[in-house]
Amino acid sequence: MGFKCGAEPEAGGTLMKREKCTAIVLAAGQGKRMRSKIQKQFLLIKGKPVLYYSLACFQKTDWVDDIILVSSEDSIEFCRRDIVLKYGLTKVSKIIAGGKERYDSVYQGLLACENCDYVFIHDGARPFITEEMLNRALDGAMRYQACVVGMPSKDTIKISDKEGMIAATPDRRYVWTIQTPQAFRYSLIREAHEELRRGDMQGITDDAMVVEKTKGCRIKLVEGSYENIKITTPEDLMIAENFVEKI
Ligand SMILES: Nc1ccn([C@@H]2O[C@H](COP(=O)(O)OP(=O)(O)OP(=O)(O)O)[C@@H](O)[C@H]2O)c(=O)n1
Ligand SMILES: C[C@](O)(CO)[C@H](O)COP(=O)(O)O
């Protein structure tokens, strides 16, 4: 153990033949903000489950070797029968149970990886990823060990104090809203999660934060897309219905 951040960017490009790339797709959340009886990742957009779309993108991307699907314990059988088998998602090598928090589900996914060199961590609630986006993220991870997709903020961002008063206005040229997938060299993200789990995971909302807090490596930002929304509240589903026409 003891991952060292690369001082200089490594050459990006294609994976070497022996290098293995695994996608961990998270679908173990409760979807409380969606206020729906069915977990939001299983709701339908144009007749197919939200979760299907990102799995299908990893499936068709040549250099993704396998997919680990993380679901809640009682949805494993549904995922196997009604998503993986139904849509012929042959790269899904394991369907495992997640944990209480998102970072617990990620950790279970990391433990399930076998002989993995690079890993994508992706929210199953973000259906609109593309192969180009995966390419940019992997290229960034190969150069910098860690790379996340996001988009420059279209809005002016304010930081508030505890009383709800404006405390600061960051320079918008440097403000990004962060999405998934987030791509990492496997050894880096596995060690980072293990280190932080020995300490305080409070307030951890993405995987880049885990690396920031433990390893201090520079993490590359690349463009995702403004369509790469996370299905979080009911109106997101209506927006998604429009985006899916373009796939
Ligand atoms: N314990 C958890 C929590 C979240 N997730 C997954 O992480 C992604 C992003 O999380 P979020 O949108 O917050 O999903 P939920 O936790 O399901 O939503 P909510 O916070 O509204 O309950 C989703 O694909 C969700 O299924 C997970 O696998 N395990
Ligand atoms: C990982 C993430 O999707 C990046 O935007 C986001 O942080 C997940 O947050 P949530 O609290 O689980 O919605």
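In this text, all values refer to a predicted model and were calculated from it rather than measured experimentally. (Residues numbered from 1 in each chain as written. Chains lettered and ligands numbered in written order. Predicted model: local features only at pLDDT ≥ 70, side-chain atom pairs only at ≥ 80, totals over all residues. Heavy atoms only, no water.)

Visitor: Break down the site of ligand 1 for me, citing the residues and quoting the values.
Guide: Near ligand 1 there are 19 residues, and of these G31, K32, K40, S105 and K230 occur at the shortest range. The contact in question runs from a nitrogen atom of ligand 1 to an N or O atom on the backbone of G99, over 2.9 Å. For ligand 1, a nitrogen atom lies 2.7 Å from a polar atom in the side chain of S105. Protein burial of ligand 1: of its 560 Å² of free accessible surface, 88% is covered by the chains. (Near = heavy atom within 4 Å. Polar contact = N/O pair within 3.5 Å; in protein donor to acceptor, adjacent residues only side chain to side chain. Areas by Shrake-Rupley, 256 points an atom, 1.4 Å probe, with all protein chains shown as cover.)

Visitor: Mind laying out helix α4 (residues 131-144), listing which residues take part and the relevant values?
Guide: Taking 1.5 Å of rise per residue, 14 residues should cover 20 Å, and α4 covers 20 Å from first to last C-alpha, within 8% of that figure. Along α4, the residues classified as buried are M133, L134, A137, L138, G140, A141 and M142. Lining the buried residues of α4 we find β1 (21-27), α1 (50-60), β6 (118-123), β7 (146-152), β10 (176-185) and β11 (220-223). Directly after α4, the chain includes Q145, whose backbone phi takes a positive value near 80°. (Helix = DSSP H or I, 4+ residues; strand = E, 2+ residues; numbered from the N terminus. Expected span 1.5 Å × (residues − 1). Buried < 20%, exposed > 50% of the residue type's maximum accessible area, 1.4 Å probe, protein only. Contact = heavy atoms within 4.5 Å.)

Visitor: Tell me what's going on with the UniProt feature "site: Positions MEP for the nucleophilic attack" (unreviewed entry) in the chain, and back it up with residues and numbers.
Guide: Per the UniProt record, "site: Positions MEP for the nucleophilic attack" (unreviewed entry) is found at R172 and K230. Lining the largest pocket, out of the annotated residues just given, are K230. Turning to its location among the elements, R172 is positioned in the loop between β9 (166-168) and β10. Leave out the neighbours within four places in its chain, and R172 touches S153, K154, D155 and T156. When you line up the elements, K230 lands in the loop between β11 and α7 (234-244). Non-local contacts of K230, meaning those with residues more than four positions away in its chain, are made with R33, D123, A125, R126 and D236. (UniProt positions renumbered as here; feature names shortened; annotations may be inferred. 1 Å grid on protein atoms, 1.4 Å probe; cavity = no way out; pocket = protein on both sides within 12 Å on 5 of 7 lines; lining within 4 Å.)

Visitor: Tell me about the site of ligand 2, residues and numbers included.
Guide: Around ligand 2 sit R33, R102, D123, R126, I178, T180, T205, D206 and K230, and those are all the residues in its vicinity. For ligand 2, an oxygen atom lies 2.6 Å from a polar atom in the backbone of I178. T205 has a polar backbone atom sitting 2.9 Å from an oxygen atom of ligand 2. Looking at the shell around ligand 2, its residues break down into 1 nonpolar, 2 polar and 6 charged. (Nonpolar A, V, L, I, M, F, W, Y, C, P; charged D, E, K, R; others polar.)

Visitor: I'd like to hear about the sheet that holds β10, residue by residue, with values.
Guide: Here we have 7 strands laid out as an open sheet, ordered β5-β4-β1-β6-β10-β7-β11, and mixed in their pairing. A single partner strand is all that each edge strand has here, and the edge strands are β5 (92-97) and β11. For this sheet, the mean angle separating the axes of adjacent strands, direction not counted, is 25°. Pairing of β6 with β10 involves 4 bridges; the strand directions are antiparallel. Along β10, the bridge assignment pairs I121 with Q182. (Pairing = 2+ DSSP bridges. Axes fitted to C-alpha atoms, helices over the stretch in contact; angles between N-to-C directions.)

Visitor: How would you sum up the layout of surface pockets? Please name residues and give values.
Guide: Each pocket or cavity is described by its volume, and for the largest pocket that value is around 800 Å³. Taken together, the elements giving at least two residues each to the lining of the largest pocket come down to β1 and α3 (102-112). The dominant element in the lining of the largest pocket, judged by the number of residues it contributes, is α3, at 3 residues. Along the lines of polarity and charge, the residues of the lining of the largest pocket split into 8 nonpolar, 11 polar and 8 charged. (Points joined across faces, edges and corners; volume = space filled by probe spheres on them.)

Visitor: Tell me about unusual backbone geometry, residues and numbers included.
Guide: Among all residues except glycine, the phi angle is most often negative; among peptide bonds, the trans geometry is most common. A cis geometry characterises the amide bond from T180 onward to P181, with omega recorded as 15°. As for its position among the elements, P181 is in strand β10. For R35, which is not glycine, the phi torsion reads 50° and is therefore positive. Along the chain, the position of R35 falls in the loop between β1 and β2 (44-45). In this structure, K46 takes a positive phi of about 45° despite not being glycine. Locating K46 in the fold gives a position in the loop between β2 and β3 (48-49). Residue classification places K46 among the partly exposed residues on the basis of a relative accessible area of 44%.

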